[in-house]
Amino acid sequence: QKEVEQNSGPLSVPEGAIASLNCTYSDRGSQSFFWYRQYSGKSPELIMSIYSNGDKEDGRFTAQLNKASQYVSLLIRDSQPSDSATYLCSHGGGKLIFGQGTELSVKP
Amino acid sequence: DTEVTQTPKHLVMGMTNKKSLKCEQHMGHRAMYWYKQKAKKPPELMFVYSYEKLSINESVPSRFSPECPNSSLLNLHLHALQPEDSALYLCASSQPGQVNTEAFFGQGTRLTVV
């Protein structure tokens, strides 16, 4: 079993819609979870971190963590074409392992 | 502006060359990472330094040799590479530990082995 698994996509949503990205992880001891955005040819950019069960909102982004289900998600509201990128889920704690990434395409 | 700086941005090297990739961070972080990323794949962890000591080596071939001269600098020495080693090499830094460990990446070095 991979440490971090994401729905591989690609995911296509119309402009203005909500994009939902999901991730599961296998290490029950993980305490830190991150979402990175990576544009083609660029390095990953941290967009959200979450450490506690529940929701964390930052602008149009909401991260949700459920440690009992070992599940973390990212919602992007009012999706824009500029959100088109690959989104990487990861957990930290000394090793920072990434899921395989979900490619998101937002169509105008 | 990124606070993790990698040099060079691009590197072309022959299979018999020796070269080094450099990474510098000014975030006060005490953990630094090297990743390798191939096209359409996620970053793949290579090495982790924590408090300037190598803490994780993900079974990386010995033709890749990391070095952490001080808490701000991380090098990756390259020798006798193969064409399949061509990739984007990413450096990242964070605080060590289990929480508050957001990692920040440099812009990467695009390596081509010919």
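Residues numbered from 1 in each chain as written. Chains lettered and ligands numbered in written order. Predicted model: local features only at pLDDT ≥ 70, side-chain atom pairs only at ≥ 80, totals over all residues. Heavy atoms only, no water.

A. Quick look at the overall build of chain B. Across its full length, chain B carries 0 helices and 11 strands. Reading chain B from its N terminus to its C terminus gives the helix and strand order β-β-β-β-β-β-β-β-β-β-β. Against the compact-globule benchmark of 13 Å for 114 residues, chain B has a radius of gyration of 13 Å, which places it among compact chains. With the principal axes as the frame, chain B shows a C-alpha extent of 40 × 30 × 25 Å. Sorting the 114 residues of chain B into buried and exposed places 45% on the buried side. In chain B, once contacts between residues fewer than 6 apart in sequence are set aside, the share between residues at least 24 apart is 54%. About 5,600 Å² of surface is accessible on chain B, with carbon and sulfur atoms providing 51% of the total. Of the side chains in chain B, 12 bear a positive and 10 a negative charge, and the two mean positions are spaced by 8 Å. (Helix = DSSP H or I, 4+ residues; strand = E, 2+ residues; numbered from the N terminus. Rg over C-alpha atoms; globule rule 2.2 N^0.38 Å. Buried < 20%, exposed > 50% of the residue type's maximum accessible area, 1.4 Å probe, protein only. Contact = heavy atoms within 4.5 Å. Areas by Shrake-Rupley, 256 points an atom, 1.4 Å probe, with all protein chains shown as cover. Lys, Arg positive; Asp, Glu negative; His and termini not counted. Charge placed at Lys NZ, Arg CZ, Asp CG, Glu CD.)

B. Expanded view of the sheet that holds strand S8 (residues 73–79) of chain B. Residues and elements named next belong to chain B. One open sheet accounts for 4 strands, arranged S1-S3-S8-S7; its pairing is antiparallel. Each edge of the sheet is formed by a strand with only one pairing partner; in this case those strands are strand S1 (4–7) and strand S7 (64–70). The average angle at which neighbouring strand axes cross in this sheet is 20°, direction not considered. In this sheet, S8 lies alongside S7 in antiparallel orientation, the contact comprising 5 bridges. Residue Phe 64 lies in a different strand from S8, and its bridge partner there is Leu 78. (Pairing = 2+ DSSP bridges. Axes fitted to C-alpha atoms, helices over the stretch in contact; angles between N-to-C directions.)

C. The interface of chain A and chain B, seen in detail. At the interface, 24 residues of chain A touch 24 residues of chain B. Both faces combined, the contact of chain A with chain B buries some 1,700 Å², and carbon together with sulfur accounts for 54% of it. At the boundary of chain A and chain B, one finds 1 salt bridge. Between Glu 58 of chain B and Lys 95 of chain A there is a salt bridge; the shortest N-O distance is 3.7 Å. Contributing elements (two or more residues each) for the side of chain A that touches chain B: strand S4 (33–38), strand S5 (45–50) and strand S10 (97–98) of chain A. Here the side of chain A that touches chain B gets 3 residues from one element, more than from any other, and that element is S4 of chain A. Grouping the constituent residues of the side of chain A that touches chain B by class yields 9 nonpolar, 12 polar and 3 charged. (Buried area = accessible area lost by both parts, 1.4 Å probe. Salt bridge = Lys/Arg side-chain N within 4 Å of Asp/Glu carboxyl O. Nonpolar A, V, L, I, M, F, W, Y, C, P; charged D, E, K, R; others polar.)

D. Region of interest: the pairing of S1 of chain B. Residues and elements named next belong to chain B. Side chains Val 4 and Gln 6 of S1 all project onto a buried face; the interleaved residues Thr 5 and Thr 7 project onto a face where none is buried. Of the strand pairs in this sheet, S1 and strand S3 (residues 18–25) are connected by 4 bridges, and their pairing is antiparallel. Its bridge partner being in S3, Thr 5 is matched across the sheet by Glu 24.

E. Examining the sheet that holds strand S8 (residues 71–76) of chain A more closely. All names here are of chain A. Within the open sheet, the 5 strands sit side by side as S1-S3-S8-S7-S6. Their pairing is antiparallel. Lying at the two open borders of the sheet, with one neighbouring strand each, are strand S1 (4–6) and strand S6 (54–58). Sheet twist, expressed as the average angle between the axes of neighbouring strands with direction ignored, equals 20°. The pairing of strand S7 (residues 61–66) with S8 spans 6 bridges and is antiparallel. Bridge pairing links Phe 61 to Ile 76 in S8.

F. Local environment of the nonpolar core. Within the largest apolar cluster, 40 residues are counted, with the highest numbers of intra-cluster contacts made by Trp 35, Leu 74, Tyr 87 and Leu 96 of chain A. Leu 11, Met 46, Tyr 49 and Leu 76 of chain B belong to the second-largest nonpolar core, a separate cluster that totals 22 residues. (Core = buried A, V, L, I, M, F, W, Y, C linked by side-chain atoms within 4.5 Å.)

G. Structural view of the layout of surface pockets. For the largest pocket, the calculated volume is near 500 Å³. Lining the largest pocket are 24 residues, and of these Gln 38, Ser 40 and Thr 86 of chain A together with Lys 40 and Lys 41 of chain B lie nearest its centre. Among the secondary structure elements, those contributing two or more residues to the lining of the largest pocket are strand S9 (85–91) and strand S11 (102–107) of chain A. In terms of residues, the lining of the largest pocket owes the most to one element, S11 of chain A, which gives 4 residues. (1 Å grid on protein atoms, 1.4 Å probe; cavity = no way out; pocket = protein on both sides within 12 Å on 5 of 7 lines; lining within 4 Å. Points joined across faces, edges and corners; volume = space filled by probe spheres on them.)

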